[in-house]
Amino acid sequence: VAENEHLKQDMKSCEAQLQKLKKQHVKCIDCEHIQENARLQERLAQLQLEVEEAKGRLSELDLEVQQKTNRLAEVELRLKDSLAEKAEEEERLSRRLRDSQETIASLKAQPQQIKYLIKTVEVESSKTKQALCETQSRNQHLQEQVEMQRQVLKEMEQQLQKSQKTAAQLRAQIMLYESELEQAHGQMLEEMQNMEDDKNRAIEEAFARAQVEMKAVHENLAGVRTNLLTLQPALRTLTNDYNSLKRQVRDFPLLLQEALQNARAEIGQAIEEVNSTNRELLRKYRRELQLRKKCHNELVRLKGNIRVFGRVRPITAEDGEGPEAANSVTFDPDDDAILHLMHKGKQVSFELDKVFSPQATQQDVFQEVQALITSCIDGYNVCIFAYGQTGAGKTYTMEGTPENPGINQRALQLLFSEVQRKASDWSYTITVSVAEIYNEALRDLLGKEPQEKLDIKLCPDGSGQLYVPGLTEFQVQSVEDINKWRRTQARLSVP
Ligand SMILES: Nc1ncnc2c1ncn2[C@@H]1O[C@H](COP(=O)(O)OP(=O)(O)OP(=O)(O)O)[C@@H](O)[C@H]1O
C-alpha cells in the first residue's frame, strides 16, 4: 500500500509536470506530443483503475477469509458443546451403570438371606410360611427388576457405544474441516501473495513505461522547443508573405479590372483585325470567284462551249490480221488537233479540239477534261459523253478497267476529293440519278418501275433548263456509294 501511495505521488508529480509543460506550450495545441501526453495520461488512469480493481479483489478475499474464520470458530464452539454434552452423557450413563451394578450386587446378596430365612421359617412356624410366600413373591419381583435393570444396562451400553462412535465421527469431521480450512487458508495466502506480486509487477512495469514515455515526451518537447525556435524566422517570412499577399489581394480587383480592360481592348482589336481580315478574305474570294468565272469564260471562249476530242484506240487481237485490220487513220506530227483518214483512196482531214493517239493513256485523256470537273464544283453545268461506232472504245474511255479507270471514275474521285478539301468552308450535297434514252424512250434506271417511260420537260422557272419529272435521286457521300447505284443500274440498262 505504501508503495502504491508512493507510485501515486510520483504519478501526481508527473501529471503536474505535464500540466506545466502544457501551459508552457499552450500554442502547440494539435502537436503529436500533446496527443502522446494524452495517451500516457490515459494509460496512467487505466493503471490506477487496475490498482483499484486489485484492491477491491483483495478486500473481497479478506472478507471471505474473515467469514471462513468465523465459520470455523462456530464449528469449534459447536464441537466443544457436543463434546461437553457427550462427556456429561457418559458421566451420567456410567453413574447409572455403577448404581445398577451396585443394585445387582445388593440383590445378589439378598436371596441367600431369603433362602436362609426360608429354611429357618420352615422349622419355626406356619405363620411364617405366609411371610415366606410374600418374601418369595418379593424375591420374584426383585428378580424381574434385576432383569429389567440388566436390559436397561444393555441398552445404555449400546447407546454409549453409539455415542462414542458418533463422537469419533465428529472428531474425524472436525479434523477434516480443520485440514480443509488450513488448506483454504494456505491457498488464500498464496493467491494473495500472487496477486500482490502481480500488482507490484504491473505497477513497476507501468511506472517503468511511464518513465520511458515521460523521457520520450521530454525529448520530444525539447525537439518541439528547438523546432519552434527554428520555425520563428520561417513564421516571420510567412507573415511577410501573407501581408504582401493581402496587399496583392486588396489590389487584385483594381489590377483585374485593368487587365480586363486591356484584354477587352485587345480582344476588340483582335476582333476588328479578324473582321478586317474576313472582309479582305471575302473580297479576295469574290475576286477569285470572278477570276475563276472569267477563266472559265475564257476557257469556254478559247476552247469553245462544246469541245470534241478524238481518240484512236490501238489495234487489238479482236480486229484480226491482214490489210482489213490495218489502221486507216494517221496523225499530223505538227498539230495534235488534226486527224487524217484514208477514204476510198483519198485522204480526208478532220480538225478537232485534240486528237489522242493509240499511245495516249487514260490519265492523258482525263487531264484534258479535268478543268471541267472544277467548273462543275463552281456551279456550272457540265456534260461529257462518248460517241462512236461499236468497238471504237467508248466504254474503255469513259469507264475503263478497275486497274486503269476511265473519265467517270477519275472525275468522281476528283469531285469528292475537292468537296472534302473545301468541307471547312462549304457544304455540298451530291445526288445521283441514272436515266437511259433508248429508242427515243426515257427510263429511270434507279426507279422502282424501270420499265415506265418518263418525260423530259422545260423548267418552269424560265431558265431554259430541262428536267425529268419523277426521276429518282439518291444522295451519295462517296465514290463507292455511286458505284453501288451504278451496279444496280447496270443490271437494268439495255445491254
Ligand atoms: N485506248 C484503248 N487501249 C486499249 N484497248 C482499248 C482502247 N480502247 C478500246 N479498247 C479495247 O477495244 C475493245 C472495244 O472497246 P469498247 O468496248 O470500249 O468499245 P465501245 O465503243 O464501248 O463498243 P460498244 O459501242 O459496242 O459498247 C475493248 O476490248 C477495249 O478493251
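See above for the structure.
Everything numeric in this text was worked out from a predicted model, so none of it was measured.

### Things to note about the overall build of the protein chain
Each helix and strand in the protein chain was counted, giving seven helices and 12 strands. Each of the 495 residues in the protein chain was classed as buried or not, and the buried ones make up 22%. About 37300 Å² of surface is accessible on the protein chain, with carbon and sulfur atoms providing 53% of the total.

### With respect to the packing of helix α4 (residues 362–377) against helix α6 (residues 407–421)
Running from amino to carboxyl end, α4 crosses α6 at an angle of 40°, the nearest separation of the two axes being 9 Å. Taken together, the axes of α4 and α6 are oblique relative to one another. Viewed along their axes, α4 and α6 form a crossing whose handedness is right-handed. Of the residues in α6, those in contact with Gln 362, Gln 363, Val 365, Phe 366, Val 369, Gln 370, Ile 373, Cys 376 and Ile 377 of α4 are Ile 407, Arg 410, Ala 411, Leu 414, Leu 415 and Glu 418. Per-class residue counts for the contact of α4 with α6 are 10 nonpolar, three polar and two charged.

### A short note on the site of the ligand
Around the ligand, the neighbouring residues are Arg 311, Arg 313, Pro 314, Gln 389, Thr 390, Gly 391, Ala 392, Gly 393, Lys 394, Thr 395 and Tyr 396. Taking Gly 393, its main chain carries an N or O atom lying 3.0 Å from an oxygen atom of the ligand. Within the side chain of Thr 395, a nitrogen or oxygen atom sits 2.5 Å from an oxygen atom of the ligand. Protein contacts shield 68% of the accessible area of the ligand, which totals 630 Å² for the unbound molecule. A per-element tally of the shell around the ligand places helix α5 (residues 394–398) first, with three residues.

### Some points on the pattern of salt bridges
Following the criterion strictly, the structure yields 11 salt bridges and no others. Here Lys 199 ties to Glu 196 by a salt bridge, and the two come within 3.2 Å at their closest N and O atoms. Placement of the pair is Lys 199 and Glu 196 together in helix α3 (residues 127–303), with a separation of three residues, close to one helical turn. The class of Glu 196 is partly exposed, set by a relative accessible area of 24%. Residue Arg 283 is joined to Glu 280 by a salt bridge in which the shortest nitrogen-to-oxygen separation is 2.4 Å. Of this pair, Arg 283 and Glu 280 both sit in helix α3, three residues apart, which is roughly one turn of the helix.

### A look at a negative patch on the surface
A surface patch of negative charge is lined by Glu 60, Glu 64, Glu 190 and Glu 191. Within the residue set of the negative patch, elements represented by two or more residues are α2 (32–124) and α3. Given a relative accessible area of 52%, Glu 190 falls into the exposed group.

### Examining the environment of Met 192
Assignment of secondary structure puts Met 192 in helix α3. As a C-alpha pair, Met 192 and Asp 62 span 130 residues in sequence and 9.2 Å in three-dimensional space. Ignoring sequence-local partners within four residues, the contact set of Met 192 consists of Leu 58, Leu 61 and Asp 62.

### Focus on the sheet that holds strand β8 (residues 441–444)
Spatially, three strands are ordered β7-β8-β9 in an open sheet, and the strand pairing comes out antiparallel. With partners counted over all chains shown, the strands left at the sheet margins are β7 (435–438) and β9 (453–454), one partner each. One ladder, built from four bridges, connects β7 with β8; its direction is antiparallel. Looking at the pairing, Glu 436 lines up with Arg 443 of β8.

### Some remarks on the nonpolar core
Within the largest apolar cluster, 21 residues are counted, with the highest numbers of intra-cluster contacts made by Phe 366, Ile 373, Ile 407, Phe 416, Ile 430, Val 476 and Ile 482. Of all the secondary-structure elements, those providing two or more residues to this core are α4, α6, β6 (430–432) and α7 (479–492). Per-element accounting of this core gives the leading share, seven residues, to α6. If we ignore the near neighbours within four places in the chain, the residues touching Ile 407 are Val 365, Phe 366, Val 369, Ile 384, Thr 397 and Met 398.

### Section: the side chain of Lys 354
By secondary structure assignment, the location of Lys 354 is in strand β5 (residues 354–356). At 2.8 Å, the side chain of Lys 354 and the side chain of Asp 336 are in polar contact. Excluding residues that lie within four positions of it along the chain, Lys 354 makes contacts with Val 308, Phe 309, Gly 310, Asp 336, Ala 337 and Glu 368.

### A short note on the sheet that holds strand β2 (residues 329–332)
Taken in spatial order, the three strands make up an open sheet running β2-β3-β4, and their pairing is antiparallel. Each end of this open sheet is capped by a strand with a single partner; those strands are β2 and β4 (346–351). Taking the axes of each pair of neighbouring strands and ignoring which way they run, one obtains an average angle of 30° across the sheet. Strand direction decides the pairing type here: β2 and strand β3 (residues 335–343), joined by four bridges, are antiparallel. Of the residues in β3, the one forming a bridge with Asp 332 is Asp 335.

### Structural notes on α6
With 15 residues, α6 should cover 21 Å at 1.5 Å per step; its first-to-last C-alpha distance of 21 Å lies within 8% of that length. Restricting attention to buried positions, one finds in α6 the residues Ile 407, Gln 409, Arg 410, Ala 411, Leu 412, Leu 414, Leu 415, Phe 416, Glu 418 and Val 419.

### Some words on the packing of aromatic side chains
Enumeration according to the criterion identifies one aromatic pair in this entry. Judged by centre distance (6.0 Å) and plane angle (65°), the ring pair of Phe 309 and Phe 356 falls under edge-to-face. Here Phe 309 is found in strand β1 (residues 309–311), whereas its partner Phe 356 is found in strand β5, with 47 residues between them in sequence. Relative accessible area serves as the criterion here: at 27%, Phe 309 is assigned to the partly exposed category.

Conventions adopted
- Residues numbered from 1 in each chain as written.
- Predicted model: local features only at pLDDT ≥ 70, side-chain atom pairs only at ≥ 80, totals over all residues.
- Heavy atoms only, no water.
- Helix = DSSP H or I, 4+ residues; strand = E, 2+ residues; numbered from the N terminus.
- Buried < 20%, exposed > 50% of the residue type's maximum accessible area, 1.4 Å probe, protein only.
- Areas by Shrake-Rupley, 256 points an atom, 1.4 Å probe, with all protein chains shown as cover.
- Axes fitted to C-alpha atoms, helices over the stretch in contact; angles between N-to-C directions.
- Parallel < 35°, antiparallel > 145°, perpendicular 65-115°, else oblique.
- Left-handed = near helix turned anticlockwise from the far one by under 90°.
- Contact = heavy atoms within 4.5 Å.
- Nonpolar A, V, L, I, M, F, W, Y, C, P; charged D, E, K, R; others polar.
- Near = heavy atom within 4 Å.
- Polar contact = N/O pair within 3.5 Å; in protein donor to acceptor, adjacent residues only side chain to side chain.
- Salt bridge = Lys/Arg side-chain N within 4 Å of Asp/Glu carboxyl O.
- Patch = residues over 30% accessible without salt bridge, like charges linked within 9 Å, V, L, I, M, F, W, Y side chains within 5 Å.
- Lys, Arg positive; Asp, Glu negative; His and termini not counted.
- Charge placed at Lys NZ, Arg CZ, Asp CG, Glu CD.
- Pairing = 2+ DSSP bridges.
- Core = buried A, V, L, I, M, F, W, Y, C linked by side-chain atoms within 4.5 Å.
- Expected span 1.5 Å × (residues − 1).
- Phe/Tyr/Trp six-rings, centres within 6.5 Å; stacked < 30°, edge-to-face > 60°.

The analysis is restricted to geometry; functional conclusions fall outside its scope.
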